[in-house]
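# Structural description and commentary
Here is what each chain is made of, one letter per residue.
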Amino acid sequence: MAILKIARMGHPVLLQVAEPVADPTAPEIKRLIADMFETLDDIQGAGLAAPQVHVPLRLFIFRVLSTRAAGDPDDRPIGNTVVINPKLTFIGAQKQIGWEGCLSIPGIRAGVPRAWRIRYEGVDTDNQPVTGEVTGAHAAIVQHEYDHLDGVLYPMRMTDFSLFGFIEDLAKAGAPELSRARPLP
Ligand code: NI
């Protein structure tokens, strides 16, 4: 096990389209995922995609803490989850906006528009299906991590740059509460 170095915004690996994982059960994939969880625990993050640790493969890990879940029946807390070779489907037209951070953009938070409801499908390291139809924070985290596999960072999804700031200063200013189910114009 090892704590991995996280690529920061500006590093080209974060702008690459990642390659599918040929064999999700391969020992090197299990080792990579174990190291990614150790890295996520160390930095106390919500999610991490392989390109963020300089491995341009289509897999990510995440969890939804009870403090993040919106309380919607399809937005429940979930423990450590791995999704390899994911497919993502947007369901319906409802959007949300919520505060996001990214381990590759340290110290900053932003309000990022996302689809409210999505479905994701992938496999784990035993090649078993990992699927969910989810809303709210769970849906936002999966969209954020999935974007990393296509070389997309959250500022590229933003529409309102007044909701963009340093965590410390947003906290001092009493950053506005963002509704997680607010339809966007
Ligand atoms: Ni990120």
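For the structure, see preceding data.
The structure contained in this document is the topic of the report that follows. Quantities reported herein were computed from a predicted structural model and do not represent experimental measurements.

## Focus: the pattern of salt bridges
For side chains bearing opposite charge, pairing can occur when the charged atoms are close. In total, this model carries 10 salt bridges according to the counting rule given. The closest approach of N and O atoms between Arg63 and Asp41, which form a salt bridge, is 2.7 Å. Of this pair, Arg63 sits in strand 2 (residues 59–64) while Asp41 sits in helix 1 (residues 27–43); the two residues are 22 residues apart in sequence, bridging distant segments of the chain. For Asp41, a relative accessible area of 43% gives the class partly exposed.

## Quick word on the coordination of the nickel ion
Around the nickel ion, the donor atoms from the protein are Cys102 (SG), His144 (NE2) and His148 (NE2), and they sit 2.1 to 2.3 Å away. Read from N- to C-terminus, the donor residues coordinating the nickel ion fall into the pattern C-x41-H-x3-H. Placement of the pair is Cys102 in strand 3 (residues 78–102) and His148 in helix 2 (residues 136–149), with a sequence separation of 46 residues. An identical accessibility class is assigned to Cys102 and His148; each is buried.

Conventions adopted
Residues numbered from 1 in each chain as written. Predicted model: local features only at pLDDT ≥ 70, side-chain atom pairs only at ≥ 80, totals over all residues. Heavy atoms only, no water. Salt bridge = Lys/Arg side-chain N within 4 Å of Asp/Glu carboxyl O. Helix = DSSP H or I, 4+ residues; strand = E, 2+ residues; numbered from the N terminus. Buried < 20%, exposed > 50% of the residue type's maximum accessible area, 1.4 Å probe, protein only. Donors = N, O, S within 2.8 Å, 3.2 Å for Na, K, Ca; no water.

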